[in-house]
Amino acid sequence: DGIGLHSGKQVAMTLHPALPGTGIVFQRSDLVGDDARIPALWNNISSTTLCSTISNVTQAKVATVEHLMAALAGCEIDNVLVELNGPEVPIMDGSAAPFVFLIECAGLIVQEAPRCAVRVNKTITVEDGERLVRLTPAERLSLNLEIDFNNPHVSRQTYQFELNNHTFKDELCRARTFGFE
């Protein structure tokens, strides 16, 4: 349970184990039928203004999914039903750490199915003004991150990271959202 950052409303969320091949699916308990299910797929991203929002074909939405999605990826969870009674994931402390902690408390089930993964076969670059994202082929996931804000509290920061057994939990999951107001 927690508060939605942008809506300010109380929301309850439960993670349920799902069968292999299900993927990550958000289920809105406040909606019915096809409106209620929103698969967390790249082509269901409907907005990235101030938070990441996913929507289904009926335009049902779930906002502020990024910290939970990071926790699921960092804990190597591929199949889960995320039940919510509202349109936004609770913000918790502004990081993925509370989700990682709760997932570890609940425990994981290793499934007898191969994991699906995306393999980057060639360099892909996307630029938007001063913003840049580049994917390059590699055997392991590693990130080189940089932000540069014209604000003395944030300014320029860089971070290099290679994902392996516990690095997400130990090094990254406590990174928090920030705002200027």
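Before reading further, recall that the structure is shown in the block above.
A brief report on the enclosed structure follows. Everything numeric in this text was worked out from a predicted model, so none of it was measured.

**Looking at the nonpolar core**
Reasoning step 1: The biggest cluster of nonpolar side chains holds 26 residues, and the ones touching the most others in it are Phe26, Val62, Leu68, Val82, Leu84 and Val89.
Reasoning step 2: Within the residue set of this core, elements represented by two or more residues are strand E4 (24-28), helix H1 (66-74), strand E9 (80-84) and helix H2 (97-106).
Reasoning step 3: Examining the composition of this core, we find that four residues originate from one element, H2, more than from any other.
Reasoning step 4: Apart from residues no more than four positions distant in its own chain, phenylalanine 26 is found in contact with Ala36, Arg37, Ile38, Ala40, Ile54, Val62, Val65, Leu68, Met69, Val82, Leu84 and Val89.

**With respect to the side chain of asparagine 56**
Reasoning step 1: Within the secondary structure, asparagine 56 sits in the loop between strand E7 (53-55) and strand E8 (61-63).
Reasoning step 2: Within polar-contact distance, the side chain of asparagine 56 engages the backbone nitrogen of alanine 60 at 3.0 Å.
Reasoning step 3: Here asparagine 56 is in contact with Asp34, Asp35, Ala36, Arg37 and Ile38, once residues within four sequence places are set aside.

**A few points about the sheet that holds E9**
Reasoning step 1: Spatially, the four strands line up as an open sheet ordered E3-E9-E4-E5, and their pairing is mixed. Two strands close off the open sheet at either side, each with one partner strand: strand E3 (13-17) and strand E5 (37-39). Averaged over all pairs of adjacent strands, the angle between their axes in this sheet comes to 25 degrees, without regard to strand direction.
Reasoning step 2: Pairing analysis gives five bridges linking E4 to E9, with the strands arranged parallel. Along E9, the bridge assignment pairs isoleucine 24 with valine 80.

**Points about the pattern of salt bridges**
Reasoning step 1: With the rule as written, the count across this model stands at six salt bridges.
Reasoning step 2: As a salt-bridge pair, aspartate 30 and arginine 28 come within 2.8 Å of each other at their nearest N and O atoms.
Reasoning step 3: The closest approach of N and O atoms between aspartate 78 and arginine 115, which form a salt bridge, is 2.7 Å. Within this pair, whereas aspartate 78 is found in the loop between H1 and E9, its partner arginine 115 is found in the loop between H2 and strand E10 (124-128), the two being separated by 37 residues in sequence.

Basis of the calculations
- Residues numbered from 1 in each chain as written.
- Predicted model: local features only at pLDDT ≥ 70, side-chain atom pairs only at ≥ 80, totals over all residues.
- Heavy atoms only, no water.
- Core = buried A, V, L, I, M, F, W, Y, C linked by side-chain atoms within 4.5 Å.
- Buried < 20%, exposed > 50% of the residue type's maximum accessible area, 1.4 Å probe, protein only.
- Helix = DSSP H or I, 4+ residues; strand = E, 2+ residues; numbered from the N terminus.
- Contact = heavy atoms within 4.5 Å.
- Polar contact = N/O pair within 3.5 Å; in protein donor to acceptor, adjacent residues only side chain to side chain.
- Pairing = 2+ DSSP bridges.
- Axes fitted to C-alpha atoms, helices over the stretch in contact; angles between N-to-C directions.
- Salt bridge = Lys/Arg side-chain N within 4 Å of Asp/Glu carboxyl O.

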